[in-house]
Amino acid sequence: FGIHALLIVTVTLSPATAPAWSEKNTTGDVYPPLWDLAPENLLDFLVKDNKIVINAWNYQERLGVYKNLLNSSAKYFTAFGSQNFGNILWGLPLQHGWQFRTGRLADPSSVTSCGYEDGDLLCISVRSWWSCMNYYLAIIPFLGAVEAGLFGQLQYEIEILPPEERRADFCYSVADCRSRIPKLMDEWKAYFEVNNFTFFFIFSVSPATFSSFKLDDALCLMWRAHVSSIAYALPKFQDSLKYLSDPEASFGEDWANAVDFIAATHFSTDLQNINNFQAFLPQRMLVEGDVLPSISDFSPQQNRVLLSLRALHKANQLTGGLLLKLWQKAMSTEAGRKMGRKLIEDLASS
């Protein structure tokens, strides 16, 4: 069954899609937009009434949450390259940067000027499906890290500002999130705790054995928490898809489905991998009239990749999720995951 699943997905993600994966970031920058301007220390955020107050509905501040996570976890990944490039948390801010750059964080209903150049460009709209989904891949990991002690003993509590609408759909502090979504908090906390424990245990026993830190174990926990965040948020924000064009809404769901397949391989979400991997994603929102695989201002490779994601999602739906289960079974061994990653890397390097 494992090999059967592998073959199905290999055919679905046909070699015809390969060139798109090797396209370079068109911005010429390996970092998310405005990375240098994002707060890099928790005390760079507003401190008020003995609390660090973070506006998660401002792109630069949400990016700062990621920057603090990257900076504080850098010590775990020194064995995997210089400048923290080997840190597997890079996938999160890079995906957020792509969403910002392509207008996916702006108000899709156009009722407000949130996220638009002629309004508040840095505003993240609570009406954006992408931004609401991303909250669970930004603020929840961050608060899980706070709870796990990644930032040490903080002298201030952390408080996240609520959006103007849908306040009940989010949580705003460690205690609040712990009471509302304990399982999700546990999964993100577990990711940061295992790295913390492994790092200090190995380093205190023998610095020479630090390279034995098992990246695959960290990737397993990170991806487990990642897909749990998406699984929790998907039904919660299903109604936000109504603000999007049909092609964009379908693409969002196709992408969320594809993440489950990628996660099973324990694909390394370091800086270089993600930049290579994201190159095939659309450089703008999809609109009515965009028909795959012939969107005129997308490259043939982008068209084919989007069509492949659509086919993968449909195949998984038609089998009642059996395709994903078979794929996960195939990826349940180290050899299987290696084969799965090789498939992704071959696509990326072709």
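For the chain, an unreviewed UniProt entry supplies the name LEG1H protein and the organism Aptenodytes patagonicus. One UniProt comment on the chain, placed under Sequence similarities (unreviewed entry), says "Belongs to the LEG1 family." Its UniProt record, at the heading Subcellular location (unreviewed entry), says of the chain: "Secreted".

Colleague: Can you walk me through the state of the cysteines in this structure?
Modeller: By definition, a disulfide links the sulfur atoms of two cysteine residues through a covalent bond. Applying the stated rule across the entire model yields two disulfides. There is a disulfide in this structure between Cys114 and Cys123, and the S-S distance comes to 1.9 Å. Taking the sign of the S-S torsion, -90° for the link of Cys114 and Cys123, the bridge is left-handed. Cys123 sits in the buried class, given a relative accessible area of 18%. Indicated for the chain is the disulfide connectivity 1-2, 3-4, based on numbering the bonded cysteines in sequence order.

Colleague: Would you explain the pattern of salt bridges in this entry?
Modeller: Opposite charge on two side chains permits pairing when their charged atoms draw close. Under the defined criterion, the tally for this structure stands at 16 salt bridges. Note that Lys67 is salt-bridged to Glu40, the shortest N-O span being 3.5 Å. Of this pair, Lys67 sits in helix α3 (residues 59-73) while Glu40 is found in the loop between α2 (18-21) and β1 (46-48), placing the two residues 27 residues apart along the sequence. We classify Glu40 as partly exposed; its relative accessible area is 47%.

Colleague: How should I be thinking about the nonpolar core in this particular structure?
Modeller: If you look at soluble globular proteins, the nonpolar side chains tend to sit buried side by side. Core analysis: the biggest nonpolar cluster contains 87 residues, and Tyr135, Ile140, Phe142 and Trp255 have the highest contact counts within it. Leave out the neighbours within four places in its chain, and Ile140 touches Tyr135, Cys171, Cys177, Ile181, Leu184, Met185 and Trp188. Phe261, Leu312, Leu323 and Ala330 belong to the second-largest nonpolar core, a separate cluster that totals nine residues.

Colleague: Can you walk me through the sheet that holds β1 in this structure?
Modeller: Pairing between the strands of a sheet comes from backbone hydrogen bonds, and it takes one of two forms, parallel or antiparallel. Overall, mixed pairing links the three strands, which are arranged β1-β2-β3 in an open sheet. Looking at strand neighbours, the two that pair on one side only are β1 and β3 (157-160), the edges of this open sheet. Between one strand axis and the next, the sheet turns by 35° as a mean value, whatever way the strands run. Summarising the sheet, β1 and strand β2 (residues 51-54) pair through three bridges and their orientation is antiparallel. Within the sheet, the bridge partner assigned to Val47 lies in β2 and is Ile52. Relative to β3, helix α6 (residues 139-148) is tilted by about 170°, and along the sheet it contacts β2 and β3.

Colleague: Where do I start with the pairing of β3 in this structure?
Modeller: Looking down a regular strand, the side chains alternate between one sheet face and the other. Burial along β3 is one-sided: the residues Ile158 and Ile160 are buried and none of Glu157 and Glu159 is. Alignment of β2 against β3, held across four bridges, turns out to be parallel. Opposite Ile54, over in β3, you have Ile160 as the bridge partner.

Colleague: What is the right way to read the layout of surface pockets from this model?
Modeller: Gaps left between atoms show up when a probe the size of a water molecule is rolled over them. Estimates place the volume of the largest pocket at around 320 Å³. In terms of lining residues, the largest pocket is bounded by 17 residues, among which Cys114, Cys123, Ile124, Val126 and Glu164 are the most central. Broken down by class, the residue content of the lining of the largest pocket amounts to eight nonpolar, four polar and five charged.

Colleague: It is not clear to me how the packing of aromatic side chains should be interpreted in this structure. Could you clarify?
Modeller: The way to describe two aromatic rings as a pair is by their centre distance and the angle between their planes. Scanning the model with the defined rule gives 26 aromatic pairs in all. With a centroid separation of 5.4 Å and an interplanar angle of 45°, the aromatic rings of Tyr136 and Tyr232 are classed as tilted. Pair noted here: Tyr136 is in the loop between α5 (129-135) and α6 and Tyr232 is in helix α9 (residues 215-236), with a separation of 96 residues, a long-range link. Look at Tyr232 and you get partly exposed, because its relative accessible area is 33%. With 5.3 Å between their ring centres and 40° between their planes, Phe267 and Phe277 make a pair best called tilted.

Colleague: I tried to follow the packing of α3 against helix α4 (residues 91-101) on my own but got confused; where do I start?
Modeller: The description of two helices packed together rests on the angle between their axes and the distance between the axes. Packing of α3 against α4 leaves a shortest axis separation of 10 Å and a crossing angle of 165°. Judged by the inter-axis angle, α3 sits roughly antiparallel to α4. Of the two possible hands of crossing, α3 and α4 adopt the one that is left-handed. Taken together, the residues of α4 that come into contact with α3 (itself represented by Tyr59, Arg62, Leu63, Tyr66 and Leu70) are Leu92, Pro93, His96, Gly97 and Phe100. Per-class residue counts for the contact of α3 with α4 are seven nonpolar, two polar and one charged.

Parameters at a glance
- Residues numbered from 1 in each chain as written.
- Predicted model: local features only at pLDDT ≥ 70, side-chain atom pairs only at ≥ 80, totals over all residues.
- Heavy atoms only, no water.
- UniProt positions renumbered as here; feature names shortened; annotations may be inferred.
- Disulfide = S-S within 2.5 Å.
- Buried < 20%, exposed > 50% of the residue type's maximum accessible area, 1.4 Å probe, protein only.
- Salt bridge = Lys/Arg side-chain N within 4 Å of Asp/Glu carboxyl O.
- Helix = DSSP H or I, 4+ residues; strand = E, 2+ residues; numbered from the N terminus.
- Core = buried A, V, L, I, M, F, W, Y, C linked by side-chain atoms within 4.5 Å.
- Contact = heavy atoms within 4.5 Å.
- Pairing = 2+ DSSP bridges.
- Axes fitted to C-alpha atoms, helices over the stretch in contact; angles between N-to-C directions.
- 1 Å grid on protein atoms, 1.4 Å probe; cavity = no way out; pocket = protein on both sides within 12 Å on 5 of 7 lines; lining within 4 Å.
- Points joined across faces, edges and corners; volume = space filled by probe spheres on them.
- Nonpolar A, V, L, I, M, F, W, Y, C, P; charged D, E, K, R; others polar.
- Phe/Tyr/Trp six-rings, centres within 6.5 Å; stacked < 30°, edge-to-face > 60°.
- Parallel < 35°, antiparallel > 145°, perpendicular 65-115°, else oblique.
- Left-handed = near helix turned anticlockwise from the far one by under 90°.

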